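# Structural overview for review
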Amino acid sequence: MRRSFKGLIAAMAIALLAGCSSQPSHSMFPPTLGVQQLRVTPDGHWHMRMRILNNSYGSMDFRRLQLTMTINGKPAAHIDTRFKLDIAPLSADLTNVDIAPSQAASKALAAIADEGSSGNLAYTLTGTATAIPEGEKKLRQFKVKSRDWLSPVPGVANTYR
């Protein structure tokens, strides 16, 4: 019995030491994306402030977004932008994106422009976000699908949130 007790103590010590490592392991999850603000420029293009929420328990160095944006279920724009943005765990940051929207998307925004905050359009962002997770050296792609609403900003022409 004494021998099995010593074996049990040794096994427990090994199990405890196995949990100690110099490289912390973090759970990594796809980010949540959203349009912080969209401004229609005089030439009809859209300048967007994209919000990237890092849903992971480790920091992520975001490098690229490859997305399809739909408005009310119809294609609005393709987004393919490269940048470098290190976002802390469970935090968010912004990046700027300039896109050429579809004619239908431009008309949909124009239709609600005079409705103030009572006007809104549903949008989705679907595609991939590319990042280097904390503790890793290689880029990883995360599938993303985010949904939200755009509404005109009262008193600020050609601007939506």
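On a predicted model such as this, the values are computed, not experimentally measured, just so you know.

Definitions and limits used
- The residue count restarts for each chain, going from 1 along the sequence in the order it is written.
- A pLDDT threshold of at least 70 governs which residues receive local features in this predicted model, and a stricter bar of 80 or more applies before side-chain atom pairs are shown or counted, although totals over entire chains, interfaces and linings include all residues.
- Remark: hydrogens and water are excluded; side-chain values derive from all non-hydrogen atoms of the structure.
- Any Lys or Arg side-chain nitrogen found within 4 Å of a carboxyl oxygen on Asp or Glu counts as a salt bridge.
- Each helix is a run of DSSP H or I of at least 4 residues and each strand a run of E of at least 2, with the numbering of both proceeding from the N terminus.
- Relative accessibility thresholds used throughout: buried, under 20% of the residue-type maximum; exposed, over 50%; partly exposed, between the two (1.4 Å probe, protein chains only).
- Here a residue-residue contact requires only that any non-hydrogen atoms of the pair lie within 4.5 Å.
- Definition of a polar contact: a pair of N or O atoms within 3.5 Å, with one able to donate and the other able to accept a hydrogen when the atoms are protein atoms, and with sequence-neighbouring residues admitted only if both atoms are side-chain atoms.
- Pairing between strands is defined by DSSP: at least two bridges between them are needed.
- We define the nonpolar core as a collection of buried residues of types Ala, Val, Leu, Ile, Met, Phe, Trp, Tyr and Cys that are connected through side-chain atoms lying within 4.5 Å of one another.
- Only centres within 6.5 Å qualify two rings of Phe, Tyr or Trp (six-membered ring in Trp) as a pair; their planes then separate them into stacked at under 30 degrees, edge-to-face at over 60, and tilted for everything else.
- Lines are fitted to the C-alpha atoms to define the axes, a helix being fitted only along its stretch in contact, and any angle between axes, read from their N-to-C directions, falls within 0 to 180 degrees.

It is worth spelling out the pattern of salt bridges at this point. Counting across every chain of the model gives 4 salt bridges. A salt bridge links D80 to R64; the shortest N-O distance between them is 2.8 Å. Highlighted residues: D80 in strand 4 (residues 74–87) and R64 in strand 3 (residues 60–71), separated in sequence by 16 residues. Among the ionic pairs, R140 bridges to E136, the shortest N-O distance being 2.9 Å. Residue R140 is classed as partly exposed on the basis of its relative accessible area of 31%.

Among the structural elements, S56 can be located in the loop between strand 2 (46–53) and strand 3. Residue classification places S56 among the buried residues on the basis of a relative accessible area of 0%. If near-sequence neighbours (up to four positions away) are discounted, S56 is found in contact with S27, M28, F29, P89 and L90. Among the polar contacts listed, one links the side chain of S56 to the backbone nitrogen of F29, at a separation of 2.7 Å.

Moving on: the pairing of strand 4. Taken together, the 11 bridges between strand 3 and strand 4 define a ladder with antiparallel strand orientation. Among the inter-strand pairings, L65 is bridged to a residue of strand 4, identified as T81. Where strand 3 folds back on strand 4, the antiparallel hairpin that results is connected by 2 residues, among which N72 adopts a positive phi of roughly 50°.

One finds M50, M69 and L150 to be the most contacted residues of the largest nonpolar core, which totals 34 residues. For this core, the elements supplying multiple residues, two or more each, are strand 1 (32–40), strand 2, strand 3, strand 4, strand 5 (92–99), helix 2 (103–112), strand 6 (121–133) and strand 7 (140–150).

Within the element layout of this structure, T130 appears in strand 6. Setting aside residues up to four positions removed in sequence, T130 forms contacts with D61, F62, R63, R64, L139, R140 and Q141.

Below, the discussion takes up the packing of aromatic side chains. Scanning the model with the defined rule gives 1 aromatic pair in all. Centroid distance F29 to Y57: 6.2 Å. Interplanar angle 75°. Geometry classified as edge-to-face. You can see F29 sitting in the loop between helix 1 (2–18) and strand 1 and its partner Y57 sitting in the loop between strand 2 and strand 3, a full 28 residues away along the chain. With relative accessibility at 38%, the residue F29 sits in the partly exposed group.

Let's shift gears to the sheet that holds strand 6. Strand pairing in a sheet takes place through backbone hydrogen bonds and is either antiparallel or parallel in direction. If you trace the 4 strands from one edge of the open sheet to the other, you get 4-3-6-7, paired in antiparallel fashion. Every interior strand has two partners, whereas the edge strands, strand 4 and strand 7, have only one. Each neighbouring strand pair of the sheet contributes to a mean axis angle of 20°, computed without reference to strand direction. Pairing geometry for strand 3 and strand 6, over 11 bridges, is antiparallel. Within strand 6, the position partnered with L67 by the bridge is G127.

The next subject is the pairing of strand 6. Among the 13 residues that make up strand 6, 10 are buried, leaving the element largely enclosed by the rest of the structure. Bridging between strand 6 and strand 7 involves 11 bridges; their strand directions are antiparallel. Note that in strand 7 the partner of L121 across the bridge is L150. Here strand 6 folds back onto strand 7, and the loop between the two strands holds 6 residues, one of which, G135, carries a positive phi near 85°.

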